[in-house]
Amino acid sequence: MSFHNSSSAADISEIEKSRFVGDAGATSGLDMDMRDRELLQRQRELEDLDSSTKTNWEMIKKLTVCGVAFLNDAYDMFAINIVAMILGFVYYHDATGSAQNTVPKKWDTLIKIAVQIGCLLGQLIMGRLGDKVGRTTVYSAGLMIAIVTTIASAFSSSMVKGFNVFIVLFIWRVLLGFGIGSDYPLTATIVSEYASVHNRGKLIAAVFSCQGFGNVLAPIVGIIVTACFKSSIDTDVLNLDYVWRIIIGIGCIPGVATLYWRLTMEDSKRFQLETAKAAAATADEEMLREKLLAKQQYAEGRGIEASSYAHTPVEQTETFTPTVRRAKTFMQYFSEWRHLKVLLGTSIAWFALDVAFYGINLNSSIVIDAIGFSGDIVNDKPSKFIIRNCLGNIIINMLGSVPGYWIAVFTIEKLGRKKIQLMGFAALTVLYIVLGFAYHQILDKSVAGFIVLFTCAQLFQNFGPNVTTFVIPGEVFPTRFRSTAHGISAAMGKLGAIVAQGGFMQLKDRGGKNAFIDRLLQIFALFMLVGFFVTFWIPESKGKTLEEICDESEEYY
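Residues numbered from 1 in each chain as written. Predicted model: local features only at pLDDT ≥ 70, side-chain atom pairs only at ≥ 80, totals over all residues. Heavy atoms only, no water.

1. Notes on the overall build of the protein chain
To be explicit about the condition: Strands are runs of DSSP state E lasting at least two residues, helices are runs of H or I lasting at least four, and both sets are numbered from the N terminus onward. For every residue, the accessible area (1.4 Å probe, protein chains only) is compared with the maximum for its type, and the residue is labelled buried under 20%, exposed over 50%, or partly exposed between those bounds. A contact between two residues is defined here by any heavy atoms of the two lying within 4.5 Å.
What the protein chain contains, in helices and strands, is 24 helices and zero strands. Counting every position in the protein chain, which comprises 557 residues, the buried fraction comes to 57%. Across the protein chain, contacts joining residues at least 24 apart in sequence account for 84% of those joining residues at least 6 apart.

2. Some points on helix α6 (residues 165–194)
The condition that has to hold: In this scheme, a helix's expected span is set at 1.5 Å multiplied by one less than its residue total. Here the bend at a residue is taken as the angle between two axes, fitted respectively to the seven residues that end there and the seven that start there. As used in this structure description, the phrase polar contact means that two N or O atoms lie within 3.5 Å; if the pair is within protein, one of them must be able to donate a hydrogen and the other to accept it, and residues adjacent in sequence are counted only when both atoms belong to side chains.
The end-to-end C-alpha distance of α6, which contains 30 residues, comes to 43 Å, matching closely the 44 Å that a straight helix rising 1.5 Å per residue would cover. By the largest-angle criterion, Leu186 marks the main kink of α6, which is about 30 degrees. Within α6, 26 of the 30 residues are buried, leaving the element largely enclosed by the surrounding structure. The N-cap residue of α6 is Asn164: its side-chain oxygen and the backbone nitrogen of Phe166 are 3.0 Å apart.

3. Side note on the pattern of salt bridges
For the record, the criterion: Salt bridge, as used here: a side-chain nitrogen of Lys or Arg that lies within 4 Å of a carboxyl oxygen of Asp or Glu.
All chains considered together, the criterion is met by 12 salt bridges. Across the salt bridge formed by Asp183 and Arg262, the nearest N and O atoms sit 3.1 Å from each other. Linking Asp183 in helix α6 with Arg262 in helix α10 (residues 253–263), this pair joins segments that are 79 residues apart in sequence. On the accessibility criterion, Asp183 (4% relative accessible area) is buried.

4. Focus: unusual backbone geometry
Non-glycine residue Asn101 carries a positive phi angle of around 65 degrees. For Asn101, the position within the fold is in the loop between α3 (57–91) and α4 (105–132). Here Asn101 falls in the buried class, since its relative accessible area comes to 7%.

5. Considering empty space enclosed by the protein
Here is the rule: A cavity, in this analysis, means grid points on a 1 Å lattice covering only the protein atoms where a 1.4 Å probe fits yet has no way out; a pocket is instead an open set bounded by protein on both sides within 12 Å along at least five of seven lines, and a residue lines either one if it has an atom within 4 Å of a point. Grid points are joined across faces, edges and corners, and a volume is the space filled by probe spheres set on the points.
In total, this model carries seven cavities of 30 Å³ or more according to the counting rule given. As a volume, the largest cavity reaches approximately 170 Å³. Of all the secondary structure elements, the ones that give two or more residues to the lining of the largest cavity are α15 (337–361), α16 (364–370), α18 (417–437), α20 (447–462) and α23 (517–534). Counting residues per element, the lining of the largest cavity draws most heavily on α23, at four residues.

6. Digging into the environment of Ile147
Along the chain, Ile147 turns up in helix α5 (residues 135–154). Classification of Ile147 as buried rests on a relative accessible area of 11%. The spacing of Ile147 and Cys252 is 105 residues in sequence and 5.2 Å in space, taken between C-alpha atoms. Non-local contacts of Ile147, meaning those with residues more than four positions away in its chain, are made with Cys252, Gly255, Val256 and Leu259.

7. Observations regarding the packing of aromatic side chains
Basically, it comes down to this: Centres within 6.5 Å make a pair out of two Phe, Tyr or Trp rings, where for Trp the six-membered ring is used; the pair is then stacked when the planes are under 30 degrees apart, edge-to-face when over 60, and tilted otherwise.
Under the criterion given, the structure shown has 33 aromatic pairs. With 5.4 Å between their ring centres and 65 degrees between their planes, Phe70 and Phe208 make a pair best called edge-to-face. Of this pair, Phe70 sits in helix α3 while Phe208 is found in helix α7 (residues 200–228), placing the two residues 138 residues apart along the sequence. Their ring planes at 10 degrees and their centres at 6.3 Å tell us that Phe450 and Phe454 sit as a pair that is stacked. One end of the pair, Phe450, and the other, Phe454, are both in helix α20, four residues apart, so they sit about a helical turn from each other.

8. Overview of the layout of surface pockets
Put simply, the largest pocket is a space of about 940 Å³. Taken together, 37 residues make up the lining of the largest pocket; nearest its centre are Thr102, Ser365, Ile377, Lys508 and Lys513. Residue assignment for the lining of the largest pocket shows that the elements contributing at least two residues are α3, α4, α16 and α17 (382–415).

9. What to know about a nonpolar patch on the surface
Going by this rule: Each patch is built from residues that are more than 30% exposed by relative accessible area and take part in no salt bridge. Like charges join if they lie within 9 Å; nonpolar side chains (Val, Leu, Ile, Met, Phe, Trp, Tyr) join within 5 Å. Each accessible area is a Shrake-Rupley result for a 1.4 Å probe, and residues are judged covered by the shown protein chains and nothing else.
A contiguous nonpolar surface patch, about 390 Å² in accessible area, is contributed by Leu121, Leu124, Ile125, Leu129 and Val133. Tracing the backbone through its elements, the reader meets Leu121 in helix α4. Residue class for Leu121 comes out partly exposed when judged on its relative accessible area of 40%.

10. Quick word on the packing of α3 against α15
Applied cut-off: Only C-alpha atoms enter the line fits that serve as axes; for helices the fit covers just the stretch in contact. Angles between N-to-C directions range over 0 to 180 degrees. Our angle categories are set so that under 35 degrees counts as roughly parallel, over 145 as roughly antiparallel, 65 to 115 as roughly perpendicular, and the remainder as oblique. Under the convention adopted here, Pro, Cys and the residues Ala, Val, Leu, Ile, Met, Phe, Trp and Tyr are nonpolar, Asp, Glu, Lys and Arg are charged, and Gly plus all remaining residues are polar.
With their axes 11 Å apart at the nearest point, α3 and α15 run at an angle of 40 degrees to one another. One element, α3, and the other, α15, form an angle in the oblique class. Judged by residue contacts, Met77, Phe78 and Asn81 of α3 engage Phe357, Tyr358 and Asn361 from α15. The residue makeup of the contact of α3 with α15, split by class, is four nonpolar, two polar and no charged.

11. Some points on the side chain of Ser483
Residue placement: Ser483 occurs in helix α22 (residues 482–502). Excluding residues that lie within four positions of it along the chain, Ser483 makes contacts with Met126, Gly127, Gly130, Asp131, Arg135, Pro185, Leu186 and Thr189.

12. Quick look at the state of the cysteines
The cut-off we apply is this: When two cysteine sulfur atoms are found within 2.5 Å, that pair is recorded as a disulfide.
By the definition in use, this model includes zero disulfides. No disulfide involves Cys66; its sulfur sits 9.7 Å from the nearest other cysteine sulfur, which is in Cys210. Judged by its relative accessible area of 1%, Cys66 falls in the buried class. Classification of Cys210 by relative accessible area gives buried; the value is 16%.

13. A word on the environment of Pro539
Topologically, Pro539 is positioned in the loop between α23 and α24 (546–550). Judged by its relative accessible area of 30%, Pro539 falls in the partly exposed class. With 10 residues separating them along the chain, Pro539 and Ile549 place their C-alpha atoms 7.9 Å apart. The residues touching Pro539, leaving out its near neighbours within four places in the chain, are Val342 and Val476.

14. Looking at the packing of α15 against α22
For the record, the criterion: Handedness of a crossing is defined here by the sense of rotation of the near helix relative to the far one, left-handed for an anticlockwise turn of less than a right angle and right-handed for a clockwise turn.
Direction vectors running N to C along α15 and α22 enclose 30 degrees, while the axes themselves pass 7 Å from each other. On the basis of the axis angle, α15 is roughly parallel to α22. Between α15 and α22 lies a crossing whose hand is right-handed. A per-class count over the contact of α15 with α22 returns 13 nonpolar, eight polar and two charged.

15. Re the nonpolar core
Spelled out, the test is: The set of buried Ala, Val, Leu, Ile, Met, Phe, Trp, Tyr and Cys residues whose side-chain atoms join them within 4.5 Å is what this entry labels a nonpolar core.
Tyr139, Tyr184, Tyr432, Phe450, Phe470, Leu521 and Phe524 are the most contacted members of the largest nonpolar core, which totals 77 residues. Of all the elements, α15 adds the most residues to this core, at 10 residues. What Phe450 contacts, discounting residues up to four positions off in sequence, is Val367, Ala370, Ile371, Leu435, Tyr439, Ile442 and Leu443. Of all hydrophobic cores here, the second largest spans 36 residues; its members include Ile86, Ala154, Phe166 and Val237.

Keep in mind these values describe shape, not function.
Printed below as a string of structure tokens:
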């Protein structure tokens, strides 16, 4: 029975039907009725909360904390592109041939995939804890883990035989990823539960879009730090050892700056009310057990066999069996196809998107090299090569990535989440087909044409599924499962990133340097097509309250 948007006399009369029959049940029936009325009142409070939510200092503070979290996360994740390039100069400057100044593929893959592995674990574990322990408690713990592990990453070095700097860096970045992973489900649920129905999608998207600034901040910091050490680097390339450590270490500053605010955040009133409602349902069930036990003892006292009472037909006992609401468990709720298909839709769509998103963005040097912007890694001065590649990263992000994020922010409440996701997947399918089947022809005839097509792909990644796959899971699941379900969806995305980096991108040099990139783009097109079709399993959440989207009557039985 749903109490949301229920303030009529019919609702009250429906509640009256839950009273017990008989003298022994009268008092319990009144208790049940009072509890139902309290739940109804809480649902009315939620309606008032939706209608009265306004932007105030408290809201601005929460949005700032959440936005900085994603800026910080993106910086930590994508700074590894620059760090991996610098590590090549530091540890392989004396190699020969094409291996000079280049990190071997196995170590490059290891340090780039580390955060994704940690994120996957963090999203699953911390997402579940967010529903069990509380949003803000777990949110603060995740940030403290990220701060400590970021600092530790900056001091990575060869420890003992068999544990070189790459293995140590991998370990710390897995733990860093665990802290970062908590930000995905908890940021989405926190903003979703605080925002009003009219700007909820815009605010969640805006917070997530700060990721775009983090993508740009990483190469900017790379340029500044490299420029500060320019003369010493060109004199002795080993001075770059300071540069990559500083770039990583700076990643803890935004987290430290917002730690106090995050520690003092409170769980939303919606989450508190939902927790109280679930607790009331549990109390109802406990009261039912006590009632049945008392009746069984009474029957035994009159000489009635307990086994006979236990096998009494339901129709003979229902005159004194109370009607209670039992809160469905996670497994009970998602065992029904109409709910499971939504979780599958959000999870598979995110997986499909991240295969391409991280496959390209964690290997941006491939694109920079394709457009002739990377320079000569062997003959150029190290400082010049690094700064040039950092500039290339900034250009790539500013052309399509950052604008795409903010176009999504300003259109999501008008177009709707589902429409933007379908449009994005459809556009990406076409663009990757074109780029994949005509990759070499386009590059040979027009580098400018390739840049335009690649920019469009970046644009529709973000003005499309990269934003919506984050927003939608924060809205379409019940409050009691929201953080857990969002964490599962996000973890599937990170699984896609791992598959891309650890699997597909290992094939890029098959047949020669970057010779397999065209085939990889064709594979990415197939994943975009999969994402397009599973989006139809997802409901549109635009203009609906969280309780209306999920139909809270389905949470109880």
